[in-house]
Amino acid sequence: EVQLVESGGGLVQPGGSLRLSCAASGFTFTDYEMNWVRQTPGKGLEWISYIYRTGSPIYYVESVWGRFTISRDNSQDSLYLQMNSLRVEDTGIYYCARGGSGGYRPHDSWGQGTVVIVSS
Amino acid sequence: DIQMTQSPSSLSASVGDRVTITCRASQGISNYLAWYQQKPGKAPHLLISGASTLQSGVPSRFSGSVSGTDFTLTITSLQPEDVSTYYCQHYHSAPFTFGPGTTVDIK
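Because the structure is predicted, anything quoted here is derived from the model rather than measured.

Quick look at the side chain of A:Ser78
In step 1: Looking at the element boundaries, A:Ser78 is found in strand S8 (residues 78-83).
In step 2: Within the local environment of A:Ser78, its side chain forms a polar contact with the backbone oxygen of A:Gln76, the two atoms lying 3.0 Å apart.

In structure tokens:
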């Protein structure tokens, strides 16, 4: 069974940093591209970042460019999101989501999400 | 960047009704379109990929179609367990934008 388990969320002040982790199991992690998707309060879903199987290429949505960094450790079956210079509008639930195995594909498995609150 | 719009933003229908949700891409995305269902407090769940390919385990009352840059999700006979928010997403090229969502409830 595919499992994705996020951790690392919490309460942080504006301008602060957090590092999210996603532990993957039940599939061959190195065979799949991975993504981070967030859901902000009262709003819909926003795709924020993608990382290829080998770690490159990487893509971001413009609103997090230069502040967030996606990475993966294939030896640990883990995905990460380093979030710096956090803003109030970054508050939300952050999901890791499995992408494709060869070419762009939709997100067929999701974690339960980790909550990030940016507030003073 | 490719923008996705959805209509309606919400709808209320009776059990057994046929429900249609439309998603439009701002430019051509071929069939690189997915539909997700999200129930309150839960992560999204992939229903359809490739505009019309039903994922394993998804009830056959769900279907997807495409005409140019217009995509449609149809529920042929609405069931109480279908109360959810439905999102489209393109995966043609990054950023893989989601539509704003359509909330479906029972009348």
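Side note on the pairing of strand S5 (residues 45-51) of chain A
All names here are of chain A.
In step 1: Among the seven residues of S5, six are classified as buried, and the element is accordingly described as predominantly covered.
In step 2: In this structure, the hairpin formed by strand S4 (residues 34-39) and S5 is closed by a connection of five residues, where Gly 42 is found at a positive phi of approximately 70°.
In step 3: In textbook terms, the turn of a hairpin is the stretch between consecutive antiparallel strands, and for S5 and strand S6 (residues 58-60) this stretch comprises six residues, one of which, Gly 55, has a positive phi near 105°.

Examining the nonpolar core
In step 1: Residues A:Trp36, A:Leu79, A:Leu81 and A:Met83 are the most contacted members of the largest nonpolar core, which totals 40 residues.
In step 2: Contributions of two or more residues to this core are made by strand S3 (18-25), S4, S5, strand S7 (68-73), S8, strand S9 (92-98) and strand S11 (114-118) of chain A together with strand S4 (33-38) of chain B.
In step 3: For this core, the leading source of residues is S5(A), giving five residues.
In step 4: Here A:Leu81 is in contact with A:Leu18, A:Arg19, A:Leu20, A:Trp36, A:Ile48, A:Phe68, A:Thr69, A:Ile70 and A:Tyr94, once residues within four sequence places are set aside.
In step 5: B:Ile2, B:Ile21, B:Ala51 and B:Leu78 belong to the second-largest nonpolar core, a separate cluster that totals 23 residues.

Points about the interface of chain B and chain A
One widely used convention gives an interface's size as the accessible area the parts lose upon coming together.
In step 1: Listed as interface residues are 17 residues of chain B and, on the opposing side, 18 residues of chain A.
In step 2: Carbon and sulfur atoms make up 70% of the surface buried where chain B meets chain A, a total of about 1,500 Å² over both sides.
In step 3: Per-residue buried area on chain B facing chain A is highest for B:Tyr91, B:Phe96 and B:Phe98; these three make up 35% of the total on that side.
In step 4: For the pair chain B and chain A, the number of links is zero salt bridges.
In step 5: Broken down by element, the side of chain B that touches chain A gets its largest block of residues, three residues, from S4(B).
In step 6: Here the residues of the side of chain B that touches chain A are counted per class, giving 11 nonpolar, five polar and one charged.

Looking at unusual backbone geometry
In step 1: The omega torsion of the bond from A:Ser56 to A:Pro57 falls at 10°, within 30 degrees of zero and hence cis.
In step 2: Within the fold, A:Pro57 resides in the loop between S5 and S6.

Structural notes on the state of the cysteines
In step 1: Taken as a whole and judged by the stated rule, the model has two disulfides over all chains.
In step 2: With its sulfur 2.0 Å from that of its partner, A:Cys22 forms a disulfide with A:Cys96. As the torsion about the S-S bond is roughly 45°, the A:Cys22-A:Cys96 disulfide counts as right-handed. In this pair, A:Cys22 is assigned in strand S3 and A:Cys96 in strand S9, connecting sequence segments 74 residues apart. No difference in accessibility class separates A:Cys22 from A:Cys96, as the two residues are buried.
In step 3: The side chain of B:Cys23 participates in a disulfide bridge whose partner is B:Cys88; the two sulfur atoms lie 2.1 Å from each other. Here the disulfide of B:Cys23 and B:Cys88 is right-handed, its torsion about the S-S bond being about 70°.

What counts, and where the lines are drawn
- Residues numbered from 1 in each chain as written.
- Chains lettered and ligands numbered in written order.
- Predicted model: local features only at pLDDT ≥ 70, side-chain atom pairs only at ≥ 80, totals over all residues.
- Heavy atoms only, no water.
- Helix = DSSP H or I, 4+ residues; strand = E, 2+ residues; numbered from the N terminus.
- Polar contact = N/O pair within 3.5 Å; in protein donor to acceptor, adjacent residues only side chain to side chain.
- Buried < 20%, exposed > 50% of the residue type's maximum accessible area, 1.4 Å probe, protein only.
- Pairing = 2+ DSSP bridges.
- Core = buried A, V, L, I, M, F, W, Y, C linked by side-chain atoms within 4.5 Å.
- Contact = heavy atoms within 4.5 Å.
- Buried area = accessible area lost by both parts, 1.4 Å probe.
- Salt bridge = Lys/Arg side-chain N within 4 Å of Asp/Glu carboxyl O.
- Nonpolar A, V, L, I, M, F, W, Y, C, P; charged D, E, K, R; others polar.
- Disulfide = S-S within 2.5 Å.

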